[in-house]
Amino acid sequence: MTYNNKYDVVVIGAGPAGYVAAIRCSQLGLKTACIDNWQDKNGKHRPGGTCLNAGCIPSKALLDSSQRFYQVNNELAEHGIKVNKASLNIAQMMARKDNIVHQLSSGISSLLQANNIDLHHGSGQLQENNQIEVMPVDAEAKRYIIEGKNIILATGSQAMNIPAAPIDNHKIVDSTGALSFKEVPKRLAIIGAGVIGLELGSVWNRLGTKVILLEAREDFLPIADRLLASEALRHFISQGLDIRLGARVTSSSIGKKQITVSYQDKQEQKRIVVDRVLVAVGRIPQTKKLFAANVNLLLDEGGGIDVDKYCRTNLPNVYAIGDIVRGPMLAHKGSEEGMSVAETIAGNKNHLNMNLIPAVIYTLPEIAWVGKTEQALLKEDIPFNTGIFPFAANGRAKTMSADTGQVKILSHAETDKILGVHIIGPFASEVLQTAVIAMEFDGSAEDLARSVFAHPSLSEAVHEAALAVDDRAIHVINRV
Ligand code: FAD
Ligand code: AMP
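The rules behind these values
- In this numbering scheme, every chain counts its residues from 1 along its sequence in written order.
- The order in which chains are written sets their letters, starting at A; the order in which ligands are written sets their numbers, starting at 1.
- In keeping with the predicted nature of the model, local features appear solely for residues at pLDDT of at least 70, side-chain atom pairs appear and are counted solely at 80 or more, and the whole-chain, interface and lining totals rest on all residues.
- Processing note: side-chain calculations cover all non-hydrogen atoms of the structure and skip hydrogens and water entirely.
- We call a residue near a given molecule or strand whenever any one of its heavy atoms falls within 4 Å of it.
- We define a polar contact as two N or O atoms separated by no more than 3.5 Å, with the added condition that, inside protein, one atom must be a possible hydrogen donor and the other a possible acceptor, whereas residues neighbouring each other in sequence contribute only through side-chain atom pairs.
- Residue burial considers only the protein chains on display, and all accessible areas are found by Shrake-Rupley using a 1.4 Å probe.
- Segments assigned H or I by DSSP are reported as helices when at least four residues long, segments assigned E as strands when at least two residues long, and all are numbered from the N terminus.
- For this classification, the nonpolar set comprises Ala, Val, Leu, Ile, Met, Phe, Trp, Tyr, Cys and Pro, the charged set comprises Asp, Glu, Lys and Arg, and every other residue, Gly included, is treated as polar.
- Centres within 6.5 Å make a pair out of two Phe, Tyr or Trp rings, where for Trp the six-membered ring is used; the pair is then stacked when the planes are under 30 degrees apart, edge-to-face when over 60, and tilted otherwise.
- Only protein chains enter the accessibility calculation, which uses a 1.4 Å probe; a residue whose area is less than 20% of its type maximum is buried, one above 50% is exposed, and one in between is partly exposed.
- For two strands to pair, DSSP has to find at least two bridges joining them.
- We call a set of buried residues a nonpolar core when its members are Ala, Val, Leu, Ile, Met, Phe, Trp, Tyr or Cys and they connect through side-chain atoms within 4.5 Å of each other.
- Between two residues, a contact is recorded if the distance between any of their heavy atoms is within 4.5 Å.
- Salt-bridge detection follows one rule: a side-chain nitrogen of Lys or Arg within 4 Å of a carboxyl oxygen of Asp or Glu.
- Between the first and last residue of a helix there are one fewer steps than residues, each counted as 1.5 Å, and that sum is the expected span.
- Each domain's extent was defined by an automatic or database domain assignment.
- Put simply, buried area is the surface a 1.4 Å probe can reach on two separate parts but cannot reach once they are joined, added for both.

Surrounding ligand 1, one finds 36 residues, the nearest of these being Asp36, Asn37, Thr50, Lys60 and Asp323. Between ligand 1 and the protein, one listed contact pairs an oxygen atom with a side-chain N or O atom of aspartate 323 at 2.8 Å. Summarising the interface, the protein chains cover 93% of the accessible area of ligand 1, which totals 990 Å² for the free molecule. Broken down by secondary-structure element, the contributors of at least two residues to the shell around ligand 1 are β2 (32–36), α2 (49–54), α3 (56–74), β3 (118–126) and α8 (331–345). Tallying contributions element by element places α2 first for the shell around ligand 1, with four residues. Of the residues assigned to the shell around ligand 1, the class counts are 15 nonpolar, 17 polar and four charged.

Below you can see the structure in the form of structure tokens.
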């Protein structure tokens, strides 16, 4: 393929940050190229980044399959549906997941093509004077240079490694490995009880694995509101997840068949023996080989690229977005940054409210929130009112046998402006969006209380929690 080597915009990375930025740039009339080096096991280019290939999408596919398997074996009898014990075809489950990934990735390729974006399959390296060296994935092909008046860096992040459990991609794996086990491990140790550890722990637990989560911190899910974290912990334990807090993994040794993992808790050094280990201790920005040694790109304390609120780096016309910069490592945050940078480059006004990035943990029940937690408001000495409504009193949740959890709304004590919404319960990810929009419009709890919600719906729990802020929820007994 021959390429024009001069562009208005060159994007490095075709994850949810990069490909969205590229599409928006092209929509705005900018001649755009996107360089991406992801390839599947057959060497085929699969745009979509971590999110599509080894993150959001495959994990949700397996969460769905594993939940169906669990339901058939454990929850259908209540509905009067009798099923003889279901068996598992793990190869088919993985094939379904891979097929979803392939469909979506092909969709992104088509979108890039339809938007006349030149897609370069290779690794890009930033040089001086807005030039980028492309090293094609095809080892036979020669390196070449392209130029962008503007450059957007969107190379994402990588799983963090710890010396206590070096990844061998067989017995000790990162999240990518745990999304592709060929058989159900009997015992799986997961190092780190964060979002990824809990989601993948749920998948394998539902499929029959004995899952032990070793978490160095004493507190569970410190990023979430305490009410949600404590309720979530109770549910996970009752589902059979063995969550050991204050357990710092210190070493591991791979035997012929099993792995011994040593950890230190408050009392002593302990050991467990398992068949597989998943290291889920966080992710780090991917800056390796991203810029030449003579390029003075400024990094931040976390090893990511230092940017201002418009995602501008210290170099003129060079931007950075997504996991490679500050803020939560979430796909939608990167995509919104991508669109916002495209508008900036085109000279348009843009707006991205970094305070209203929703966060979701796709366990059962789901956990979702936006805005400030109660502990943050207390720390910042902001006066607030609280409204809580349980799904146990929500008709739709009852009909779905999914009546665990609650909605919690925090609003300013003087202005009633919504400051945070925290949900644990059925489809919390979807239900939360009502609140995100209300908050984006600077809404108050009273605005939600005066909105009409369809009945029966899960979202009615948001309505009732908003009424509860003023002690006037209908389907629970109020405090006054
Ligand atoms: P990436 O998606 O990592 O994409 C970067 C791309 O750049 C990749 O294709 C990479 O190969 C390429 N690249 C890197 N270096 C170069 C180079 N030098 N030249 C060319 N190309 C390069 N987030 C959510 O919001 N919801 C979820 O449910 C969710 N689930 C997750 C589950 C798991 C198991 C994991 C691991 C992550 C999950 N995430 C989720 C996080 C989400 O995947 C990331 O936030 C998101 O992918 C970041 O997007 P990005 O575009 O910044 O980077
Ligand atoms: P997250 O950042 O949400 O992916 O969560 C990663 C979790 O891994 C954090 O809660 C860390 O405390 C935890 N963690 C990091 N190192 C270790 C370790 N050596 N042993 C156990 N847990 C760890």
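What follows is about the packing of aromatic side chains. For the coordinates displayed, the defined rule picks out two aromatic pairs. Here the aromatic rings of phenylalanine 181 and tryptophan 204 are separated by 5.2 Å at their centres, their planes lie at 55°, and the arrangement is tilted. Taken together, the positions of phenylalanine 181 in the loop between α5 (175–178) and β8 (187–191) and tryptophan 204 in helix α6 (residues 195–206) put the pair 23 residues apart, joining distant regions of the chain. With respect to class, phenylalanine 181 is no different from tryptophan 204; both count as buried.

Strand order in the open sheet formed by five strands is β7-β14-β8-β9-β10, and the pairing between neighbours is parallel. Every interior strand has two partners, whereas the edge strands, β7 (172–173) and β10 (242–245), have only one. Inspection of the sheet shows β8 paired to strand β9 (residues 210–215) by five bridges, in the parallel sense. Considered in β9, the bridge of leucine 188 is made with valine 211.

Nonpolar side chains tend toward joint burial in soluble globular proteins. By size, the foremost hydrophobic cluster in this structure holds 37 residues, and its most contacted members are Trp204, Phe220, Leu221, Phe236, Ile243 and Ile367. Of all the secondary-structure elements, those providing two or more residues to this core are α3, α4 (90–114), β8, α6, β9, α7 (226–238), β17 (359–361) and β18 (366–371). Dropping the residues within four chain positions of it, isoleucine 243 is found in contact with Leu198, Leu213, Phe220, Leu233 and Phe236. Counting residues in hydrophobic clusters, the runner-up holds 32 residues, among them Val360, Val370, Phe389 and Ala465.

With that out of the way, let us pick up unusual backbone geometry. That bond from leucine 364 to proline 365 is cis: its omega, -5°, falls within 30 degrees of zero. With a phi angle near 60°, asparagine 317 is a residue other than glycine that sits in the positive phi range. With respect to the element layout, asparagine 317 can be found in the loop between β15 (283–285) and β16 (318–320).

The residue glutamate 343 is located in helix α8 in this model. Those residues in contact with glutamate 343 that sit more than four places away from it in its chain are Arg24, Leu28, Asn348, Lys349 and Asn350.

Here isoleucine 357 lies in the loop between α8 and β17. Through-space distance from the C-alpha of isoleucine 357 to that of leucine 62 is 25 Å; in sequence the pair is 295 residues apart. Isoleucine 357 has contacts with Pro328, Leu330, His332, Lys333, Trp369 and Val370, leaving out every residue within four places of it along the chain.

A few words now on the pattern of salt bridges. Under the criterion given, the structure shown has 23 salt bridges. Note that aspartate 265 is salt-bridged to lysine 270, the shortest N-O span being 2.4 Å. Overall, aspartate 265 belongs to the buried group, its relative accessible area being 14%. Here lysine 270 falls in the partly exposed class, since its relative accessible area comes to 24%. Bridged by salt links that share partners, the residues Glu446, Arg450, Asp470 and Arg472 form one connected network.

Time to look at α8. If you check α8, its first and last C-alpha atoms are 21 Å apart, about what 15 residues at 1.5 Å a residue would give, namely 21 Å. Looking at the buried residues of α8, the elements they touch are β1 (6–12), α1 (18–27), β5 (144–153) and β16. The first or second residue beyond α8 is glycine 347, which carries a positive phi of 85°.

To continue, consider the pairing of strand β21 (residues 418–425). Burial within β21 is extensive, with eight of its eight residues counted as buried. Pairing of β18 with β21 involves six bridges; the strand directions are antiparallel. Bridged to tryptophan 369 within β21 is histidine 422. Connecting strand β20 (residues 406–412) to the antiparallel partner β21 that follows it, the hairpin turn spans five residues, and aspartate 416 within it adopts a positive phi of roughly 70°.

Another aspect to go through is the domain arrangement of the chain. By convention, interface size is frequently given as the accessible area that disappears when the constituent parts associate. Taken domain by domain, the chain consists of domain 1 (6–158 + 284–354), domain 2 (172–281) and domain 3 (365–468). Between the C-alpha centres of domain 2 and domain 3 the distance comes to 30 Å. Domain 2 puts 13 residues into the contact, and the matching count from domain 3 is 16 residues. Across the domain 2 to domain 3 interface the summed buried area is about 1,100 Å²; carbon plus sulfur atoms make up 67%. Taken together, the connections running from domain 2 to domain 3 amount to one salt bridge. A salt bridge links aspartate 225 to lysine 408; the shortest N-O distance between them is 2.8 Å.

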